[in-house]
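# Geometric and topological summary
Residue strings, one per chain:
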Amino acid sequence: MEVRADFLHRLREHVPHLHLAPRQATSARRLGAVGLTAGIGSGLAMGAPVVVYDWAREGHSALELPMAVTGWLFGLEYFGQNDYRWWPIVIGALFLLLYWGASGMAFAGLADRVYRVRTLTGSLALGAVWSFVSFMFFWYMVLPIARDGAPFRPTAAGELAAPTWVWILGFTVSGLIAGLCWAALRRPGSQPAAATTPQ
């Protein structure tokens, strides 16, 4: 910290008309709240295509998504393709909220601390990249851990919550909503440090 202060002091001596505007970093508490809100909002958007697909299809029940989480974690006996098992739905919904919240906080951390995204276009671009990375991580790294991804993706077990294209659509919408939430909820006026010269 002393090196940086010394550098700024020497810079001001050599360029007296240079004024540095301090960067207003988002506080950790605010960043966590924005990330949690963006994560839950984007998670609900991710689940919407799955719920609509299951609701519209014969032989599916609308709340298969939370049951699929419980079935994947604790055993396929907790998943019913055309059934409403309320305790697996409640437990699965809680796990989904935890997953979405953690995902949103990771997105907010990247957007604020790593990439310093400050515009709507940048937020949407980061959200699009985030949707791809999230899908790849979920589909190819997390799901194979247990039951070869059943009931999220087709396996020999036969039952699945939704086809792959619905998941891709859901993750795409989720990333874009995460970007929109970040753009809408981040602290207004938190611009990166800029060197300004008086005119």
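Described below are features of the structure shown in this document. (Residues numbered from 1 in each chain as written. Predicted model: local features only at pLDDT ≥ 70, side-chain atom pairs only at ≥ 80, totals over all residues. Heavy atoms only, no water.)

## Concerning the overall build of the protein
Of regular secondary structure, the protein possesses 6 helices and 2 strands. Helices and strands in the protein line up, N terminus first, as α-β-α-α-α-α-α-β. Burial analysis of the protein (199 residues in total) assigns 40% to the buried set. Excluding contacts between residues fewer than 6 apart, the proportion of contacts in the protein whose partners are at least 24 apart in sequence is 65%. Counting only carbon and sulfur atoms, one obtains 68% of the accessible surface of the protein, whose full area is about 11300 Å². (Helix = DSSP H or I, 4+ residues; strand = E, 2+ residues; numbered from the N terminus. Buried < 20%, exposed > 50% of the residue type's maximum accessible area, 1.4 Å probe, protein only. Contact = heavy atoms within 4.5 Å. Areas by Shrake-Rupley, 256 points an atom, 1.4 Å probe, with all protein chains shown as cover.)

## Comments concerning a nonpolar patch on the surface
On the surface, a nonpolar cluster with roughly 970 Å² of combined accessible area is contributed by Leu73, Phe74, Tyr78, Trp87, Val90, Ile91, Leu94, Phe95, Leu97 and Leu98. Taken together, the elements giving at least two residues each to the nonpolar patch come down to α3 (64-74) and α4 (86-114). Residue contributions to the nonpolar patch peak at 7 residues, all from α4. Of note, Val90 is situated in helix α4. (Patch = residues over 30% accessible without salt bridge, like charges linked within 9 Å, V, L, I, M, F, W, Y side chains within 5 Å. Salt bridge = Lys/Arg side-chain N within 4 Å of Asp/Glu carboxyl O.)

## Examining the nonpolar core
Counting residues in each nonpolar core, the largest one holds 24 residues, and the members touching the most others are Leu65, Phe152 and Trp167. For this core, the secondary structure elements donating two or more residues are α2 (28-56), α3, α4, α5 (120-142) and α6 (164-185). Considering every element that reaches this core, the biggest residue donor is α3, with 5 residues. Those residues in contact with Phe152, other than ones at most four positions away along the chain, are Leu65, Ala68, Val69, Trp72, Phe138, Trp139, Leu143, Ala162 and Trp167. Ranked by size, the runner-up nonpolar core spans 10 residues in total, among them Val34, Val117, Leu126 and Ala178. (Core = buried A, V, L, I, M, F, W, Y, C linked by side-chain atoms within 4.5 Å.)

## Thoughts on α6
The first and last C-alpha atoms of α6 sit 31 Å apart over 22 residues, in line with the 32 Å expected at 1.5 Å per residue. Val166, Trp167, Gly170, Phe171, Ser174, Gly175, Ala178, Gly179, Cys181 and Trp182 are the residues of α6 that are buried. Contact partners of the buried residues in α6: α2, α3, α4 and α5. (Expected span 1.5 Å × (residues − 1).)

## Considerations on the packing of aromatic side chains
Tallied over the full model, the rule gives 13 aromatic pairs. Ring geometry for Tyr99 versus Phe138: centroids 6.1 Å apart, planes at 50°, classification tilted. Of this pair, Tyr99 sits in helix α4 while Phe138 sits in helix α5, placing them 39 residues apart in sequence. For the ring pair Phe138 and Phe152, a centre distance of 5.5 Å and an interplane angle of 85° mean the geometry is edge-to-face. Separated by 14 residues along the polypeptide, Phe138 in helix α5 and Phe152 in the loop between α5 and α6 bring together distant segments of the chain. Each member of the pair, Phe138 together with Phe152, is buried. (Phe/Tyr/Trp six-rings, centres within 6.5 Å; stacked < 30°, edge-to-face > 60°.)

## Focus: the pattern of salt bridges
Per the stated rule, a full pass over the model turns up 4 salt bridges. Among the ionic pairs, Arg85 bridges to Asp83, the shortest N-O distance being 2.8 Å. A salt bridge links Arg153 to Asp148, with the shortest nitrogen-to-oxygen separation between them at 3.8 Å. Look at Asp148 and you get partly exposed, because its relative accessible area is 48%. A cluster of three or more residues bridged by salt bridges with shared partners is formed by Asp112, Arg113 and Arg118.

## Quick look at the environment of Leu76
Its place among the elements puts Leu76 in the loop between α3 and α4. Given the relative accessible area of 29%, Leu76 is considered partly exposed. C-alpha of Leu76 to C-alpha of Ala150: the two residues are 74 residues apart in sequence and 7.8 Å apart in space.

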